[in-house]
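Reading the structure
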Amino acid sequence: MNVKNFLISGIAGGIVDFLLGWLLYGILLKDVFPMTGTENMTFIFLGSMALGFLMSFIFSMGETISKCMSGIKAGAIIGLFLGLYSDFFMNVNNAAVNYQNIVIDVAVTIVMSAIVGSVIAVINGKMK
């Protein structure tokens, strides 16, 4: 694993994830996922960076994912499982589960992860 590639693509992926989250959740879907006023932007940013580094790590292990299309595919698959994972656990104690919001959130996570995956893959490809 190339540490330089891992760090640079992880940071770029995290920043892209953060900005996409702001655009999709904060602007386009603000009626579906309203803010409570207690959001900790530092933790949101750190969570985005964690996703960027996770995907960068996965992409740099074994066969390096370094093309846009392979990054989109791998990112979408990772996003599917991360979206399902987080939504299932977030609804463990809910008496009334909003299945429509789960589907929307998983779809948004897939799209965001696919875009982040493409960014990380392209950066990995350029840094070879």
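Scroll up a little and you will see the structure.
Along each chain, residue indices are assigned from 1 in the same order as the chain's sequence is written. Only residues with pLDDT of at least 70 get local features here, since the model is predicted, and only at 80 or more are side-chain atom pairs given and counted; chain-wide, interface and lining totals rely on the full set of residues. Hydrogens are left out, water is left out, and the side-chain values use all remaining heavy atoms of the structure.

In this section: the environment of Lys 67. Tracing the sequence through the fold places Lys 67 in the loop between α2 (41-60) and α3 (68-90). Exposure classes here rest on a 1.4 Å probe applied to the protein chains alone. A residue is buried below 20% of its type maximum, exposed above 50%, and partly exposed in between. The class of Lys 67 is exposed, set by a relative accessible area of 59%. Considering only alpha carbons, one finds Lys 67 and Val 111, 44 residues apart in sequence, at a separation of 17 Å. Strands are runs of DSSP state E lasting at least 2 residues, helices are runs of H or I lasting at least 4, and numbering of each runs from the N terminus.

The space that makes up the largest pocket amounts to roughly 1,100 Å³. Cavities and pockets are found on a 1 Å grid laid over the protein atoms alone: a cavity is a set of points where a 1.4 Å probe fits but cannot escape, a pocket is an open set with protein on both sides within 12 Å along at least five of seven lines, and a lining residue has an atom within 4 Å of such a point. Lining of the largest pocket is provided by 33 residues; of these, Gly 21, Tyr 25, Phe 33, Ile 44 and Asp 105 occupy positions nearest its centre. In the lining of the largest pocket, the residues fall into 17 nonpolar, 12 polar and four charged. Grid points are joined across faces, edges and corners, and a volume is the space filled by probe spheres set on the points. When residues are grouped by polarity, Ala, Val, Leu, Ile, Met, Phe, Trp, Tyr, Cys and Pro land in nonpolar, Asp, Glu, Lys and Arg in charged, and all others, Gly among them, in polar.

This paragraph deals with helix α4 (residues 99-126). Note: α-helices contain 3.6 residues per turn, so residues at a spacing of three or four share the same orientation. A helix's residues, less one, multiplied by 1.5 Å, set its expected span. The end-to-end C-alpha distance of α4, which contains 28 residues, comes to 41 Å, matching closely the 40 Å that a straight helix rising 1.5 Å per residue would cover. The opening residue of α4 is Asn 98, an N-cap whose side-chain oxygen sits 3.2 Å from the backbone nitrogen of Gln 100. For this analysis, a polar contact is any N or O atom pair within 3.5 Å, provided that within protein one partner can donate a hydrogen and the other can accept it, and provided that sequence-adjacent residues contribute only side-chain to side-chain pairs.

Attention now moves to the packing of aromatic side chains. For Phe, Tyr and Trp, where Trp contributes only its six-membered ring, two rings pair if their centres lie within 6.5 Å, and the inter-plane angle classes them as stacked under 30 degrees, edge-to-face over 60, or tilted in between. Inspection of every chain in the model, using the stated rule, returns five aromatic pairs. Both rings, one in Phe 18 and one in Phe 45, keep their centres 5.4 Å apart while their planes meet at 80°; by these two values the pair is edge-to-face. Note that Phe 18 is positioned in helix α1 (residues 3-28) and Phe 45 in helix α2, a separation of 27 residues in sequence. You can call Phe 18 partly exposed: its relative accessible area is 22%. When the centroid spacing of 5.1 Å and the interplanar angle of 65° are considered together, the rings of Tyr 85 and Phe 89 count as edge-to-face. One end of the pair, Tyr 85, and the other, Phe 89, are both in helix α3, four residues apart, so they sit about a helical turn from each other. The exposure class of Tyr 85 is exposed, given its relative accessible area of 52%. Note on Phe 89: relative accessible area 57%, which makes it exposed. Aromatic rings pair up to connect Phe 6, Phe 53 and Phe 57 into one cluster.

The topology assignment puts Leu 23 in helix α1. With 103 residues separating them along the chain, Leu 23 and Lys 126 place their C-alpha atoms 27 Å apart.

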